[in-house]
Each structure stands twice: as C-alpha cells, then as structure tokens.
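If you want the building blocks of each chain, they are given just below.
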Amino acid sequence: MTYIDGHMHLENGPLTKEYVLQFVEAAHQKGLDEIQILDHTHRFIEFEPIYERLKQYDVQKTWLANKDMKFKDHLSDFIDLMKDIQQMDLPVKVKYGLEVCYVPEYENFLKELLGQYSFDFLVGAIHSIDGILYDMSFSKDLLWNRYDANDIYKRYYELVFQLIESQLFTQLAHPDTIKLFQIYPTYDLKPTYQKMAELLKAHHMKAENNVGCYYRYHHPDMGLSQELLQIFKDNHVDLIYASDAHQPQDVGNYIREATLQMN
Ligand SMILES: [Zn+2]
Ligand SMILES: [Zn+2]
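What counts, and where the lines are drawn
Residues numbered from 1 in each chain as written. Chains lettered and ligands numbered in written order. Predicted model: local features only at pLDDT ≥ 70, side-chain atom pairs only at ≥ 80, totals over all residues. Heavy atoms only, no water. UniProt positions renumbered as here; feature names shortened; annotations may be inferred. Helix = DSSP H or I, 4+ residues; strand = E, 2+ residues; numbered from the N terminus. Donors = N, O, S within 2.8 Å, 3.2 Å for Na, K, Ca; no water. Tetrahedral: all angles 85-135°; square planar, octahedral: opposite > 155°, others 65-115°. Buried < 20%, exposed > 50% of the residue type's maximum accessible area, 1.4 Å probe, protein only. Core = buried A, V, L, I, M, F, W, Y, C linked by side-chain atoms within 4.5 Å. Axes fitted to C-alpha atoms, helices over the stretch in contact; angles between N-to-C directions. Parallel < 35°, antiparallel > 145°, perpendicular 65-115°, else oblique. Left-handed = near helix turned anticlockwise from the far one by under 90°. Contact = heavy atoms within 4.5 Å. Nonpolar A, V, L, I, M, F, W, Y, C, P; charged D, E, K, R; others polar. Pairing = 2+ DSSP bridges. Right-handed = clockwise from strand over helix to strand, strands pointing away. Arc of directions from axis to C-beta. Salt bridge = Lys/Arg side-chain N within 4 Å of Asp/Glu carboxyl O.

Per an unreviewed UniProt entry, the protein chain goes by Histidinol-phosphatase and derives from Massilimicrobiota timonensis. According to the UniProt record, the Catalytic activity (unreviewed entry) comment for the protein chain reads "L-histidinol phosphate + H2O = L-histidinol + phosphate".

Shown next, in the form of structure tokens:
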C-alpha cells in the first residue's frame, strides 16, 4: 500500500527549509510515501485581487487585513523554497502546489497568473459563495442564518462545477465540506454528486477524501460522506487522501482508515 497525503498547509509557519522539513519528518514518522505541500492563495501578495468581493463585510475585511497570515509572501519565494526541498535527499517524496480559491469572476486572472509558474499539482477550492465565506465562525451570521440551506448548497455545487470546467486544476479540495456545520439541504444530493463525478472524470481531476472536517470541525464523517464516496467509486473517480494539516503533527491524520475507505 502506498500512502499519500495530498493536502497540507505551511500557513502557520515561515517559508523556510527547517519548517518544511518538520512536515517531511512527520510524514516519515507516520510511514507515508509521498506528501503534497500547498498553501492557500491568500498567503500570497499576487492573489489579493481575487478576494476583493469578500471585503463587502467588515468581519471578512478584518480577516483579510491580518498581515501575519494574509498576502505576506511572494509566490516565487514559496516555489523557490519547494524546488530547493526537492533537490534534497529525503525519505518521503515531496510535491508542491497551491490551494486556489476559485472565484469565477477572476478565472482569467487566475489562468494568467498560475500559467507563469510550474506546479506539481493545483488544488481548486470553493471557500466562499458569491463573496461570503461559508466555513468561518462568523459564517453562521453572514450566510447560514440568512439564506436557505437549499440555495446555499445549490450555489456551492454550481461553483464546484464551474471550478472543474475551468480546467485550471488537477484536484478538487474537500468536495463536500459545505456540510461542516451539519446543516443539510432538504433535496436529494445524489444527482448533484453524480454530475460532479462525471465532470471530475471528464476533466481528469482527483477528488479529495479530506479528513479536515472530521478532526478540525468535529463532523461525524471521517472524510467524504458514504453516499458521495460510493458515487465517486461507482464512477471510478480518482481519490486522494488529504489531511488538510495546518501543522506538522496533523500530517497523515487517520490516513490508514481513510485510505481503507477509498479502496
Ligand atoms: Zn480548503
Ligand atoms: Zn486546505
């Protein structure tokens, strides 16, 4: 069995070899064969324009204005660092990419910017719905308590479909984390899941079995819901385990259980 962790963030540390090697060491300790290191696009100065619409709400504006976390590094510094890491003799294979916030209005901007660099993989993620983040503590006030869950889910999956069809990405981040607060729509999601599976196949994209929702948000599903996992399997969608670690000690969390589910 080959163990790959397809999604971990450097965002809580500096862009240094020492910090990256803590992730490599953690992966080695847990018996992993390969890791994919990425960061959110909101770490990098170059991507600031795509977050413009989030500034419509003060809480989101404040979140983006935290200079310790947001828009603090140049993309080239991350890529140069990761290329240096790849030159080293390490016990675990290391790939690098980004977790890109897909914002349809900025698709051409993203295409242009991402095209200037080379990556081993690119993860596309939906983190906001028409300018409102859905996964923050303040999202209940801004989104969940104000809009109908059916409308939120419908719009979320429309955005996911657009993300896949943009052809910008090799991997879809946490396909069903919209469930993180355990608020569900009243309509049947199966046809939506079926369409997502077919689109992922058609565009040769991997889907994550991301356990972040389980240990970071205490959702009862370890990764994908049983229903979605089964539809992905039935449609032979390529699955990749993702810890969504934000610190070295979370690398490979639940990887054996989650990998078993996928096979
Ligand atoms: Zn994400
Ligand atoms: Zn992530």
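Here the narrative resumes.
**Student:** Describe unusual backbone geometry, listing the residues and the values that go with them.
**Tutor:** Even without being a glycine, Gln 167 presents a positive backbone phi close to 60°. Within the fold, Gln 167 resides in the loop between helix H6 (149-165) and strand S7 (171-172). For Gln 182, which is not a glycine, the phi torsion comes out positive at approximately 60°. Considering the arrangement of structural elements, one finds Gln 182 in the loop between S7 and helix H7 (190-202).

**Student:** Lay out the coordination of the zinc ion (ligand 2) with the relevant residues and their values.
**Tutor:** Only His 7 (NE2), His 9 (NE2), Glu 99 (OE) and Asp 244 (OD) from the protein coordinate the zinc ion (ligand 2), and they sit 2.1 to 2.3 Å from it. For the zinc ion (ligand 2), the 4 donor atoms in the first shell make angles of 83 to 172° at the metal, so the coordination geometry reads as irregular. As a motif over one chain, the donors of the zinc ion (ligand 2) read H-x1-H-x89-E-x144-D. Residue classification places Glu 99 among the buried residues on the basis of a relative accessible area of 0%.

**Student:** Describe the coordination of the zinc ion (ligand 1), and please don't skip the residues or the numbers.
**Tutor:** The zinc ion (ligand 1) binds to the protein through Glu 99 (OE), His 127 (NE2) and His 174 (NE2), with metal-donor distances spanning 2.1 to 2.2 Å. Here the zinc ion (ligand 1) and the zinc ion (ligand 2) are spaced 3.6 Å apart, linked through Glu 99, which binds each one. Within this pair, whereas Glu 99 is found in strand S3 (residues 93-101), its partner His 174 is found in the loop between S7 and H7, the two being separated by 75 residues in sequence. Since its relative accessible area comes to 7%, His 174 is described here as buried.

**Student:** So, the nonpolar core: which residues are in play, and what are the values?
**Tutor:** Counting residues in each nonpolar core, the largest one holds 90 residues, and the members touching the most others are Ile 37, Phe 47, Phe 78, Leu 98, Tyr 157, Met 196 and Phe 232. When residues in this core are grouped by element, the largest group, 9 residues, is from H6.

**Student:** Describe the packing of H7 against helix H9 (residues 226-234), with residues and values.
**Tutor:** Two elements in contact, H7 and H9, have axes whose closest approach is 9 Å; the angle formed by their N-to-C orientations is 40°. Relative to H9, the element H7 is oriented oblique. Relative to H9, H7 is oriented so that their crossing is right-handed. Of H9, the residues touching H7 (which contributes Lys 190, Tyr 193, Gln 194, Met 196, Ala 197 and Leu 200) are Glu 227, Leu 228, Ile 231 and Phe 232. Of the residues assigned to the contact of H7 with H9, the class counts are 7 nonpolar, 1 polar and 2 charged.

**Student:** Can you tell me about the pairing of strand S1 (residues 4-9), naming the residues and giving the values?
**Tutor:** Of all 6 residues that make up S1, 5 are buried, and the element is covered over most of its length. Sheet topology places S1 next to strand S2 (residues 34-38); 4 bridges connect them, and they run parallel. Bridge assignment links Met 8 to a residue of S2, and that residue is Ile 37. At this point the chain moves from S1, through helix H1 (residues 17-29), to the parallel S2, and the crossover so formed is right-handed.

**Student:** If you had to explain H9 to someone new, which residues and values would you point to?
**Tutor:** Here H9 has its buried residues at Leu 228, Leu 229, Ile 231 and Phe 232. Around the axis of H9, the buried residues are gathered within 165° of arc, so they sit on the same side. Exposed residues pointing more than 90 degrees away from the buried face of H9 are listed as Gln 226 and Asp 234. Elements that come into contact with the buried residues of H9 comprise H7, strand S8 (206-210), strand S9 (239-242) and helix H10 (255-262). One or two steps after H9, the chain reaches His 236, where phi turns positive at roughly 55°.

**Student:** Before we move on, can you summarise the sheet that holds S7 with the specific residues and values?
**Tutor:** In space, the 7 strands of this open sheet follow the order S1-S2-S3-S4-S7-S8-S9, with parallel pairing throughout. Each of the sheet's edge strands pairs with one partner strand only, and the pair in question is S1 and S9.

**Student:** Which residues make up the pattern of salt bridges, and what values go with them?
**Tutor:** For the coordinates displayed, the defined rule picks out 12 salt bridges. Residue Asp 73 pairs with Arg 43 through a salt bridge whose shortest N-O separation is 2.7 Å. Of the two residues, Asp 73 is situated in the loop between helix H2 (58-64) and helix H3 (75-87) and Arg 43 in the loop between S2 and H2; the sequence distance between them amounts to 30 residues. As far as the burial class goes, Asp 73 and Arg 43 line up, both buried. Salt-bridge contacts for Asp 188 lead to Lys 190; the nearest nitrogen and oxygen are separated by 3.7 Å. Of the residues examined, Asp 188 reaches a relative accessible area of 44% and is grouped as partly exposed. Here Lys 190 falls in the partly exposed class, since its relative accessible area comes to 41%. Residues joined in a network through salt bridges with shared partners are Asp 39, Arg 43 and Asp 73.

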